[in-house]
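Structure at a glance
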Amino acid sequence: MSDIRTLPGFREFYPEDRAVLGHIFDVWRQACRRYGFREWESPVLEPLELFTEKSGEEIVRQLFNFEDKGGRQVSLRPEMTPSLARMVGARANGMAKPIRWFAIGENYRYEKPQKGRLRAFYQLNADLLGEAGPAADAELIALCADCLLGFGLTQQDFRIRISDRTLWFRYLASLGVPEANATAVLGVVDKLERGAPKDLIEAMTAALAGTACDPEKTLAAARTFAATRSLEELAQLAAGDAAMTARLDEWNHLLGTLKSMGFGECIAIDLTIVRGLAYYTGFVFEAFETGGEARALAGGGRYDALVKKLGGPDLPAVGFGMGDVTLRDLLEAKKLLPAYADGPDFFVMVLGADARAAALEDVANLRRAGFRVEYNLRDGKFGKLAQQAETAGAKYALVYGGEEVAKGVTKVRSLTDRTEAEVPRTDLVPALRAVMEEGMRAILP
Ligand code: HAM
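Since this is a predicted model, take the numbers as computed values, not measurements.

Attention now moves to helix H9 (residues 215-226). When the terminal C-alpha atoms of H9 are compared, their 16 Å separation across twelve residues agrees well with the 16 Å that a helix rising 1.5 Å per residue should span. Within H9 the residues assigned to the buried category are Pro 215, Thr 218, Leu 219, Ala 221, Ala 222, Phe 225 and Ala 226. End-on view of H9: buried residues confined to an arc of 165 degrees, all on one side of the axis. Opposite the packed face of H9, turned more than 90 degrees from it, sit the exposed residues Glu 216 and Lys 217. Its buried side turned inward, H9 meets helix H6 (165-174), helix H7 (179-189), helix H8 (197-207), helix H10 (231-238) and helix H11 (242-260).

Take a look at the structure:
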């Protein structure tokens, strides 16, 4: 065996693992369809500048980029949002609004592989474009919740923590932070939960360089603001600031809509969430396992300026991404992954060369009728073939020996209770449909 391993942070999927992935994709797809979203796809390899200009510093450090043989600077996609913004932008004028789109694809980030973080991971993307009001944000947060509930999780199992970059920017302006420094200050806010006090002061000093703001006071004010957990507290902090107070009406709309839809238990106000990606402009959110230390299950928010930046019209947008890695860990821990069952419906046991032609004719007919059918490619004795049928995971064996073929029948054998019954070959398809639905009693005498 050669010793060439997979690259760090990349996974191989043996069929039983791939089946889990397939289940995750199915639940995501069903949830998105229930919300009227349509599926799209884009190239995994893109011009490097699509990401260097649009995704923000953190992701740019993690790009899998290289020069292709034609001398182009290219990168594997670390996320799908810039591609989506470009695609929608190119045709937006002819499209009915709002646009509801989803995609499921593999993304690549050169991160340090660790629990919940890999270099290649699958991600669901759901995005709604063409609606600027909070009804659109509510729709996406609801879909994010339903994507998780679709696996059998409950609203107690996860929290969608909602925050607001608009409110943050206005609050920072009220502290005298110039607009040009606000994004850098939010970068410090992003680290409030994890950062050591000394590092935070240092980072805040750098973020406020050239301004008249005091780093320690700004940091303390940011901490107070980030600790807000209710609309009442927010209203107090916003008192006297007309723009902030007006923004709270949108918060009321957002939270009210989500409560009416029945998602009151899984959402929470949490202003520590600011999101690392540069393009977010308004409400932002992240979903986490309740009480766990694990990394985010999903993250998203509003990005009203991105489509225009990529050459399209001025089109408001909101969306989220949900990864397969942390989700799978959570579903495993909660025992919510379905048992793996991928065997055929029927294993056809061909006993002897004389029976082969008749057996293969029926194999082909059954497959055309939609059944999953395997048969022994090589001749073998009854005992060995019965063993083969069980190993394949079949529910039933269909026995074709010289005797059965001469009588024009197939012997159906249950591999669970070993009962047997003969069916005329001319009736095989309807008889086996009945067996699949009702079990052996459909054909037992
Ligand atoms: P993001 O927060 O970078 O957002 O990623 C969203 C989710 O993808 C994360 O919460 C996590 O579940 C998963 N994820 C991200 N990086 C990794 C990794 N290295 N390994 C495993 N899972 C990972 C975005 O990507 C935005 N483009 C989402 C979006 C769509 N915003 C608007 N529309």
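This part takes up the sheet that holds strand S4 (residues 73-76). Taken together, three strands build an open sheet; the order of strands is S2-S4-S3 and the sheet is antiparallel. Each edge of the open sheet is held by one strand with a lone partner, namely strand S2 (45-47) and strand S3 (65-67). Adjacent strand axes in the sheet meet at a mean angle of 35 degrees, parallel and antiparallel pairs treated alike. With three bridges connecting them, S2 and S4 associate as antiparallel partners. Each residue of the ladder has a partner; that of Leu 45, found in S4, is Leu 76.

This part is about the domain arrangement of the protein. For the protein, the domain assignment lists domain 1 (15-333) and domain 2 (346-442). The C-alpha centroid of domain 2 is placed 53 Å from the C-alpha centroid of domain 1.

Attention now moves to the layout of surface pockets. A volume near 310 Å³ is recorded for the second largest pocket. The wall of the second largest pocket is formed by 15 residues, among which Phe 169, Glu 179, Thr 183, Tyr 280 and Thr 281 lie closest to the centre. Among the secondary structure elements, those contributing two or more residues to the lining of the second largest pocket are H6 and H7. If one sorts the elements of the lining of the second largest pocket by residue count, H6 sits on top with four residues.

Mapped onto the elements, Thr 183 comes out in helix H7. For Thr 183, a relative accessible area of 47% gives the class partly exposed. In contact with Thr 183, not counting residues within four places along its chain, are Arg 165 and Phe 169.

Conventions used here
- Residue numbers run consecutively from 1 along every chain, following the written order of its sequence.
- Two thresholds apply to this predicted model, a pLDDT of at least 70 for residue-level local features and 80 or more for giving and counting side-chain atom pairs, whereas whole-chain, interface and lining totals are computed over all residues.
- Only hydrogens and water are removed before side-chain values are computed, so all heavy atoms of the structure are retained for them.
- By the criteria applied, helices consist of DSSP H or I runs no shorter than four residues and strands consist of E runs no shorter than two, each listed in order from the N terminus.
- Between the first and last residue of a helix there are one fewer steps than residues, each counted as 1.5 Å, and that sum is the expected span.
- For every residue, the accessible area obtained with a 1.4 Å probe (protein chains only) is divided by the maximum for its type, and the residue is called buried under 20%, exposed over 50%, and partly exposed between those limits.
- Throughout, the arc means that of the directions going from the helix axis to the C-beta atoms.
- What makes two residues a contact is simply this: any of their non-hydrogen atoms within 4.5 Å.
- Pairing between strands is defined by DSSP: at least two bridges between the two strands are required.
- Angles run from 0 to 180 degrees between N-to-C directions of axes, and those axes are lines fitted to C-alpha atoms, restricted for helices to the stretch in contact.
- Throughout, the edges of the domains are those of an automatic or database domain assignment.
- For cavity detection a 1 Å grid was placed over the protein atoms alone, and a set of points counts as a cavity when a 1.4 Å probe fits there but cannot get out; an open set counts as a pocket when protein lies on both sides within 12 Å along at least five of seven lines, with lining residues being those that have an atom within 4 Å of a point.
- Grid points are joined across faces, edges and corners, and a volume is the space filled by probe spheres set on the points.

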